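# Descriptive structure summary
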Amino acid sequence: MKLANSVNSAKSAGKVVGVLFILAAASSILALILYSPILKDTGYLDNGAAHANQVILGALMELILVVAAVGTSITMFPFLRRYNESIALGHVLFRFMEAVVITIGIVSILSLLTLSRDYVAAGALDPAPYLASGTVLQAVHDWTFMLGPNFMLGINTFMYSYIFYRTKLVPRFISILGMTGGVSVFLASLLEMFGVFSQLSVWGALFSLPVAANEMILAVYLIVKGFNESAVARLFKSQVV
C-alpha cells in the first residue's frame, strides 16, 4: 500500500513539476517584455516612471519565476534523493541560488524605477548623475540575468538530468537533452562573462536553446504522464547507492 501511494504521489508530483516549468518559462518571457521601457529604451529615465505599473508587473512576473523555480526543486527532491541525496541537495541549493540571483535583479529594476520617478519629480535639468546611477542598476540586472538563468541554471539542470538519466524517471532522450542543455547554457555564461558574445545575441540564443527545449519537452511529458511508475517503484523499494 505504501509503495502504491508513493507511485501515485510521484505521478501527481510530476504534473506539478511540469506546470511549474511552464509557469517559470512564461513568466520570465513576460518579464523581459514588460521591462522594455526601463531596460531597452534610451529614454528610460522618463519612460520608466511613465510605465511604472508595467515595470512593476514585470517584477511580479519575475517573482513568480522565482517561486516556480524553487518549487520545481522542492517537488523533485523526494524522488531525486532516493538515488543520491548529495546531488539532490545540490540541485535544491543551486536552484535556490538561481532564485536569489534573480531576486537581486528584481531589486535593481525596482530601484531603477525609483530613480526614474525621482528624476521626473525633480524635473532635473542635468540628467548625468541619474544616468550614471541608472547605468549601474541596468548593469546589475544584466549580470544577474547572466549568472542566474545561465550559470546557476546550467549546474542545477545537469544535476537533475543526470539523476533522471540514471533512474529512468523520464525517457532518456529527455535526460540527455537536459544534460546537454545544462552544459551548453553553463558554457554560454562563461563565454558571456569574458565578452565573447552577449547574452541577447544569436550565439547566446543558440547556446540556450537546448536547455529551453529540454524544459518544455520535460514539462509536457510530466504533465501528460508524470514520472515513470516502474522507475519510481524501484527507487522506493530500495535506495540506490
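In this report, the structure presented in the accompanying data block is examined. (Residues numbered from 1 in each chain as written. Predicted model: local features only at pLDDT ≥ 70, side-chain atom pairs only at ≥ 80, totals over all residues. Heavy atoms only, no water.)

### Quick look at the overall build of the protein chain
Defined as follows: Helix numbering and strand numbering both begin at the N terminus, where a helix is a DSSP run of H or I of at least 4 residues and a strand a DSSP run of E of at least 2. Note on exposure labels: buried denotes an accessible area under 20% of the residue type's maximum, exposed denotes more than 50%, and partly exposed covers the range between, all computed with a 1.4 Å probe on protein chains only. A contact between two residues is defined here by any heavy atoms of the two lying within 4.5 Å. Residues counted as positive are Lys and Arg, residues counted as negative are Asp and Glu, and His and the chain ends are not counted. Note on charges: their place is set at NZ of Lys, CZ of Arg, CG of Asp or CD of Glu.
Counting secondary structure elements, the protein chain contains nine helices and zero strands. In sequence order, the protein chain lays out its α and β elements as α-α-α-α-α-α-α-α-α. With the C-alpha coordinates aligned to their principal axes, the bounding extent of the protein chain is approximately 70 × 35 × 25 Å. Among the 241 residues that make up the protein chain, the fraction classed as buried is 44%. In the protein chain, once contacts between residues fewer than 6 apart in sequence are set aside, the share between residues at least 24 apart is 79%. Here the protein chain holds 14 positive side-chain charges and 11 negative ones, and the gap between their average locations is 27 Å.

### Describing the packing of aromatic side chains
Applied cut-off: Only Phe, Tyr and Trp rings take part, Trp by its six-membered ring, and two of them pair if their centres are within 6.5 Å. Stacked means planes under 30 degrees apart, edge-to-face means over 60, and tilted covers everything else.
Evaluation of the coordinates by the stated rule reveals ten aromatic pairs. Consider the rings of W203 and F207, whose centres lie 6.4 Å apart with planes at 55°: the pair is tilted. Taken as a pair, W203 and F207 lie in helix α8 (residues 202-225) at a separation of four residues, close to a single helical turn. In textbook terms, an aromatic cluster arises when at least three aromatic residues are bridged by ring pairs, as seen for F21, F79, Y160, F164, F227 and F236.

### Describing a positive patch on the surface
The criterion, for reference: Patches were defined on residues exceeding 30% relative accessible area and lacking a salt bridge, with like-charge contacts within 9 Å and nonpolar side-chain contacts (Val, Leu, Ile, Met, Phe, Trp, Tyr) within 5 Å. Areas reported as accessible are Shrake-Rupley estimates using a 1.4 Å probe. Residue values count occlusion only from the protein chains shown. The term salt bridge refers to a side-chain nitrogen of Lys or Arg lying within 4 Å of a carboxyl oxygen of Asp or Glu.
Taken together, R166, K168, R172 and R234 make up a surface patch of like positive charges. In this fold, K168 is placed in the loop between α6 (128-167) and α7 (172-193).

### Some points on the pattern of salt bridges
Applying the stated criterion to the full structure yields three salt bridges. Salt-bridge contacts for E229 lead to K11; the nearest nitrogen and oxygen are separated by 3.2 Å. With a gap of 218 residues between them, E229 in helix α9 (residues 229-237) and K11 in helix α1 (residues 2-34) connect regions that are remote in the sequence. In this structure, the salt-bridge partner of R81 is E85, at a minimum N-O distance of 3.7 Å. A residue is classified by how much of its surface remains accessible, and R81, at 27% relative accessible area, is partly exposed.

### Notes on α7
Convention followed: Here, expected helix span is obtained from the residue count minus one, scaled by 1.5 Å.
The terminal C-alpha atoms of α7, which comprises 22 residues, lie 32 Å apart, in line with the 32 Å expected from a rise of 1.5 Å per residue. Those residues of α7 that fall on the buried side of the exposure criterion are I174, S175, G178, M179, G181, G182, S184, V185, A188, S189 and E192. G195 sits one or two residues past α7 and shows a positive phi near 75°.

In short, geometric facts, not functional conclusions.
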